[in-house]
Amino acid sequence: MASSDAHEQAPPTEYDVAIVGAGPSGLAAAIYSARGRRSTIVLERNLAGGQMALTYLVENYPGFPEGVSGFDLADKMKAQAAQFGAEIHEITAVESFTTTADGRHAITTDQGVVHARAAILAPGVEARRSGVPGEAEFIGRGVSWCATCDGALYRGKQVAVIGGGDSAVEEGLFLTKFADAVHVIHRRRELRAEKIIQERGFANPKMHFIWDSVPKRILGKDVVEGVEYANVKTHKLATLPVNGVFIYIGQTANTAFLKGVIELNEQGFIVTDELLRTGRAGVFACGDARANPIKQIAAAVGEGALAAVQVDKYLDSPECPPTGAKT
Ligand SMILES: Cc1cc2nc3c(=O)[nH]c(=O)nc-3n(C[C@H](O)[C@H](O)[C@H](O)COP(=O)(O)OP(=O)(O)OC[C@H]3O[C@@H](n4cnc5c(N)ncnc54)[C@H](O)[C@@H]3O)c2cc1C
């Protein structure tokens, strides 16, 4: 990738396809694109793998009857994309996205500008913050969104999990490997998690459920010492002494850099048609950041493949600008 200085001195490096995000969706798109012999660059602000790489055990991705570690799956997808020639640039954050008058796309990163004839946006989502007092203060000192990363720190301790969906219960179950007790605080009387996950949650003696309740404050001096919560029906406050609070209350799309450039829905997810085209020629979107009804690895991979196939067609179409400096 050309640095901004180099970009001023030399013709810019141009790729056929630039992919933003190396989660399962971006990596699947990269595999298809590179195998189609399109010069492909993947820009990833962290390490490749996205949310998948932080999942301890993925049990519903086809082909792995025993389940597979999300980290291993990410590693394999990355190797597969690289093997076919995709250039994967990690720790490279995309800051802005524009389209030049000739229809090419300029993607500005913290390390320079990338030019491409087509783009696939796969920036995924990140965990939503609860905004309760104490949350920001205790990040890394007891507040976490990643059981796989931090769970082992809570061996023999008490933890709270906030939320009632798949992630909350699955990650809570993972935490029972370490913690003595996992208290799930959920704002409703019923979980939203898949039935099979609910059954496992209720069957695990270390899992405890606090219904109809929301966190009000995370308590502690230097590290988390408890969580104060309120019953949403009675408004009664109670305090639960815990050493860790894991928050799984939904997600926000990583689309701030696209605001005003690409159409987003009210929640900030990218709007596309059924062929994953955004309103801008040559720009496609896939995976969790897209306004779609399913946020899962299998769906993200499927959309990545579809986006790459559509891009391939676009690159051969008269609508696409011709090849420039380099392919
Ligand atoms: C705790 C947890 C457990 C889960 N368990 C399962 C499960 O068991 N089975 C299942 O099918 N699904 C599971 N999921 C959901 C699954 O991980 C996601 O649906 C999937 O990872 C979405 O893939 P994606 O590629 O669209 O986005 P992501 O995985 O979110 O990847 C997007 C990537 O884009 C990068 N990015 C974002 N913005 C920028 C930028 N500006 N510049 C550069 N890079 C950027 C991010 O760093 C990230 O790596 C789980 C999710 C969580 C949080």
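Calculation rules
- Each chain has its residues counted from 1, following the order in which its sequence is written.
- Two thresholds apply to this predicted model, a pLDDT of at least 70 for residue-level local features and 80 or more for giving and counting side-chain atom pairs, whereas whole-chain, interface and lining totals are computed over all residues.
- With hydrogens and water stripped out, all remaining heavy atoms of the structure feed into the side-chain values.
- Under the DSSP-based scheme used, a helix requires at least four consecutive residues in state H or I and a strand at least two consecutive residues in state E, with every element numbered from the N terminus.
- Throughout, the radius of gyration refers to the C-alpha atoms, and the reference size of a globule is 2.2 Å times the residue count to the power 0.38.
- Each residue's exposure class comes from its accessible area (1.4 Å probe, protein chains only) as a fraction of the maximum for that residue type: buried when under 20%, exposed when over 50%, partly exposed otherwise.
- By the convention used here, residues are in contact when the closest approach between their heavy atoms is within 4.5 Å.
- For the area figures, the Shrake-Rupley method with a 1.4 Å probe applies, and any residue is considered shielded solely by the protein chains shown.
- Charge counting treats Lys and Arg as positive and Asp and Glu as negative, with His and both chain ends excluded.
- Charge placement uses NZ in Lys and CZ in Arg. For Asp and Glu, CG and CD serve respectively.
- Nearness of a residue to a molecule or strand requires only that one of the residue's heavy atoms be within 4 Å of it.
- Polar contact is the term for a pair of N or O atoms within 3.5 Å; when the atoms are in protein, one must be able to donate a hydrogen and the other to accept it, and sequence-neighboring residues count only if both atoms are side-chain atoms.
- Classes in brief: Ala, Val, Leu, Ile, Met, Phe, Trp, Tyr, Cys and Pro nonpolar; Asp, Glu, Lys and Arg charged; the others, Gly included, polar.
- Per the annotation, domain bounds derive from an automatic or database assignment of domains.

(A) Quick look at the overall build of the protein. Looking only at helices and strands, the protein has seven helices and 17 strands in total. For 327 residues, the compact-globule formula gives about 20 Å, and the C-alpha radius of gyration of the protein, at 22 Å, lands near that figure. Taking the principal axes of its C-alpha atoms as reference, the protein extends roughly 65 × 40 × 30 Å. A total of 327 residues make up the protein; the buried ones form 51% of that total. Taking all contacts inside the protein whose residues are at least 6 apart in sequence as the whole, residues at least 24 apart take part in 61%. In the structure as shown, the protein presents an accessible area of about 15,500 Å², 51% of it carried by carbon and sulfur atoms. On the protein, the mean spot of the 33 positive side-chain charges and the mean spot of the 38 negative ones are 5 Å from each other.

(B) Highlighting the site of the ligand. Residues in contact with the ligand amount to 33 residues; listed here are only the nearest, Glu44, Gln51, Asn60, Asp288 and Ile297. Interatomic distance of 2.9 Å between a backbone N/O atom of Ser25 and an oxygen atom of the ligand. Within the contact set of the ligand, an oxygen atom lies 3.3 Å away from a backbone nitrogen or oxygen of Pro123. Protein contacts shield 93% of the accessible area of the ligand, which totals 1,000 Å² for the unbound molecule. For the shell around the ligand, the secondary-structure elements that each account for two or more residues are helix H2 (24-35), helix H5 (166-175) and helix H7 (297-315). Top element by residues in the shell around the ligand is H5. It accounts for three residues. Classifying every residue of the shell around the ligand by side-chain character gives 13 nonpolar, 14 polar and six charged. Domain assignment of the residues forming the shell around the ligand places at least three in each of domain 1 (4-126 + 251-315) and domain 2 (129-247).

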